[in-house]
Amino acid sequence: MMAENTSVSPTGGITPLQQMLASGTGALFTSLFVTPLDVVKIRLQAQRTPFSKGKCFVYCNGLMDHLYVCQNGNSCTAWYKAPTRFTGTLDAFVKITRYEGIRSLWSGLPPTLVMAVPATVIYFTSYDQLRDYLRCRMGSQGAHVPLVAGAIARLGAVTVISPLELIRTKMQSRQLSYRELRVCIQSSVAQDGWLSLWRGWGPTVLRDVPFSALYWFNYELVKEWLCRQSRLDEATFMVSFTAGAVSGTVAAVLTLPFDVVKTQRQIELGDRETLRVAASKSSSTWLLLRRIRAESGTRGLFAGFLPRVIKVAPACAIMISTYEFGKTFFQKLNQERRLGSL
């Protein structure tokens, strides 16, 4: 009975604007905690194999994957070319902080937040609104509701953000001004149609939509189970944190093959924009999956298992617990206002 109470209407009593503020705050906290892990990973990667001009690499701020293009002497990517030498992950953290300043652990973060924070706000707010709507409309508290709401919310967020990410890649790879960018987009649309702005949408959807469906499905189940075990009427910060970490880990492992393909397609798209490489006709998602399996076996489809889990689990835990904390804060604030007005 207590578990039912925790899941009936977690957003009850707060406005969509307050949901957006809570998710935006959660997004900022997540990026602040997770970005240093990826910065250190990229610095170690650049030390082992120096990036050449035009080389693309994927940068993750805990919210989204962004494509960065190496431009020699370019201020926005110079941070990973610093000469400091590292012997390992911990050594990298210590030396970057000591010799380059603690702010260097968040190198490259601000430009990525321009898209990552709005995308996260759209995603989390849409999920809560859809989940409550479906439960109200269907009169059901079934486990399938979070699954459907999570999938639709992520589909919407990816569809909105995908053209913006492509535009950002064009700007960075070709060093375009805003006027040149407009001409470039117009010529691309004239040549290939409006759908060309959603190039790369397919692999992202194939990874992110199943991830979100699995994540929310497991999150609601684990949260209810933890509340039931702890005899809580409402989920605490630690309950949300634990449920987020567990569900994020499960979803990350199950969708890992799509993550491998998505990363390859993202790099391929960057090379196409930077080096003007012709589009490959045989690089569909399913053909890539088959090719990776043929070349590296089933293990190849789960390459990067540990780094992905290490990155995704804390990101999901921090994001959802901060978001739930923000919603609880606004619920109490609204209750106090209502009581004060009586």
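Residues numbered from 1 in each chain as written. Predicted model: local features only at pLDDT ≥ 70, side-chain atom pairs only at ≥ 80, totals over all residues. Heavy atoms only, no water.

As for the overall build of the protein
When its secondary structure is counted, the protein shows twelve helices and two strands. What you see in the protein, going N to C, is helices and strands ordered as α-α-β-β-α-α-α-α-α-α-α-α-α-α. Classification of the 342 residues of the protein by burial places 50% in the buried group. Counting contacts in the protein only where the partners sit at least 6 residues apart, residues at least 24 apart contribute 76% of the total. For the protein, the accessible area works out to roughly 17300 Å², and carbon and sulfur atoms hold 64% of it. (Helix = DSSP H or I, 4+ residues; strand = E, 2+ residues; numbered from the N terminus. Buried < 20%, exposed > 50% of the residue type's maximum accessible area, 1.4 Å probe, protein only. Contact = heavy atoms within 4.5 Å. Areas by Shrake-Rupley, 256 points an atom, 1.4 Å probe, with all protein chains shown as cover.)

Things to note about the pattern of salt bridges
Enumeration over the complete set of coordinates arrives at 15 salt bridges. Between Arg291 and Glu295 there is a salt bridge whose closest N-O contact spans 4.0 Å. Here the residue Arg291 and the residue Glu295 both occupy positions in helix α10 (residues 285-296), the gap between them amounting to four residues, near one helical turn. Its relative accessible area of 40% is what places Arg291 among the partly exposed residues. Several salt bridges share partner residues, and in doing so they unite Asp128, Arg131, Asp132, Glu220, Lys223, Glu324 and Lys327 into one network. (Salt bridge = Lys/Arg side-chain N within 4 Å of Asp/Glu carboxyl O.)

Some thoughts on the UniProt feature "transmembrane region" (unreviewed entry) in the protein
As annotated in UniProt, the feature "transmembrane region" (unreviewed entry) corresponds to residues 20-40, 105-125, 145-167 and 235-258 in the numbering used here. For residues 20-40, helix accounts for 100% and strand for 0%, while the C-alpha atoms at its two ends are 30 Å apart. Across residues 105-125, helical content stands at 81% and strand content at 0%; the span's end C-alpha atoms are separated by 29 Å. (UniProt positions renumbered as here; feature names shortened; annotations may be inferred.)

Quick word on the packing of helix α2 (residues 16-48) against helix α3 (residues 89-100)
Helix packing geometry: the angle between the two helix axes and the distance between the axes. α3 packs onto α2 with a crossing angle of 100° between their chain directions and a minimal axis gap of 10 Å. Between α2 and α3, the angle falls in the class roughly perpendicular. On α3, the residues that touch Pro36, Leu37, Val40, Arg43 and Leu44 of α2 are Thr89, Ala92, Phe93, Ile96 and Glu100. Looking at side-chain class alone, the contact of α2 with α3 contains seven nonpolar, one polar and two charged residues. (Axes fitted to C-alpha atoms, helices over the stretch in contact; angles between N-to-C directions. Parallel < 35°, antiparallel > 145°, perpendicular 65-115°, else oblique. Nonpolar A, V, L, I, M, F, W, Y, C, P; charged D, E, K, R; others polar.)

As for the environment of Leu164
Relative to the helices and strands, Leu164 is located in helix α5 (residues 144-174). Sequence-wise, Leu164 and Met115 are 49 residues apart; in three dimensions their C-alpha atoms are separated by 7.6 Å.

Notes on helix α4 (residues 109-138)
Between its terminal C-alpha atoms α4 stretches 42 Å, which fits the 44 Å expected from 30 residues at 1.5 Å a residue. Along its length, α4 shows its largest kink, about 30°, at Met115, and proline Pro118 lies within four residues downstream of that point. Positioned one or two residues after α4, Gly139 has a phi angle of 60°, which is positive. (Expected span 1.5 Å × (residues − 1). Bend = angle between axes of the 7 residues up to and from the residue.)

Digging into the side chain of Ser104
Relative to the assigned elements, Ser104 resides in the loop between α3 and α4. Non-local contacts of Ser104, meaning those with residues more than four positions away in its chain, are made with Val39 and Ile96.

Considering unusual backbone geometry
The backbone phi angle of Arg231 is positive, close to 55°, even though this residue is not glycine. By secondary structure assignment, the location of Arg231 is in the loop between α7 (201-230) and α8 (237-254). Since its relative accessible area comes to 70%, Arg231 is described here as exposed.

Considerations on the nonpolar core
Counting 43 residues, the largest nonpolar core has Phe124, Phe211, Tyr215, Trp216 and Ile320 as its most contacted members. The set of elements that each furnish at least two residues to this core consists of α2, β1 (56-60), α4, α5, α7, α8 and α12 (305-341). With eleven residues, α4 is the largest single contributor of residues to this core. The contacts of Phe211, once residues within four sequence positions are left out, are Gly248, Ala251, Ala252, Thr255, Arg308, Val312 and Cys316. (Core = buried A, V, L, I, M, F, W, Y, C linked by side-chain atoms within 4.5 Å.)

Here we look at a nonpolar patch on the surface
Among the surface-exposed residues, Leu155, Trp194, Leu195, Trp198 and Trp201 lie close enough to one another that they form a single nonpolar patch of about 560 Å² accessible area. Within the secondary structure, Trp198 is located in the loop between α6 (178-192) and α7. The exposure class of Trp198 is partly exposed, given its relative accessible area of 32%. (Patch = residues over 30% accessible without salt bridge, like charges linked within 9 Å, V, L, I, M, F, W, Y side chains within 5 Å.)

A short note on the side chain of Ser107
Following the sequence through the fold, Ser107 ends up in the loop between α3 and α4. For Ser107, a relative accessible area of 13% corresponds to the buried category. Within the structure, Ser107 has its side chain in polar contact with the backbone oxygen of Ser104 (distance 2.6 Å). (Polar contact = N/O pair within 3.5 Å; in protein donor to acceptor, adjacent residues only side chain to side chain.)

Observations regarding the confidence of the model for the protein
Summary statistics for the protein give a mean pLDDT of 80 and a share of 80% for residues scoring 70 or more. Ranking the elements of the protein by mean pLDDT puts helix α1 (residues 2-7) last, at 38, and α8 first, at 95. Confidence over residues 1-10 falls short of pLDDT 50; this stretch has 27 contacts with residues more than four positions distant or in other chains. Below pLDDT 50 for its whole length, residues 73-77 participates in nine contacts with residues either more than four positions away or in separate chains. (pLDDT = per-residue confidence, 0-100.)

Let's talk about the packing of α7 against α8
Two numbers describe how α7 lies on α8: the axes approach to 8 Å, and their chain directions differ by 145°. Relative to α8, the crossing made by α7 is right-handed. From α7, Phe211, Leu214, Tyr215, Asn218, Tyr219, Val222, Lys223, Leu226 and Cys227 reach across to α8, where they touch Val239, Ser240, Thr242, Ala243, Gly244, Val246, Ser247, Gly248, Val250, Ala251, Ala252 and Leu254. By residue class, the composition of the contact of α7 with α8 is 14 nonpolar, six polar and one charged. (Left-handed = near helix turned anticlockwise from the far one by under 90°.)

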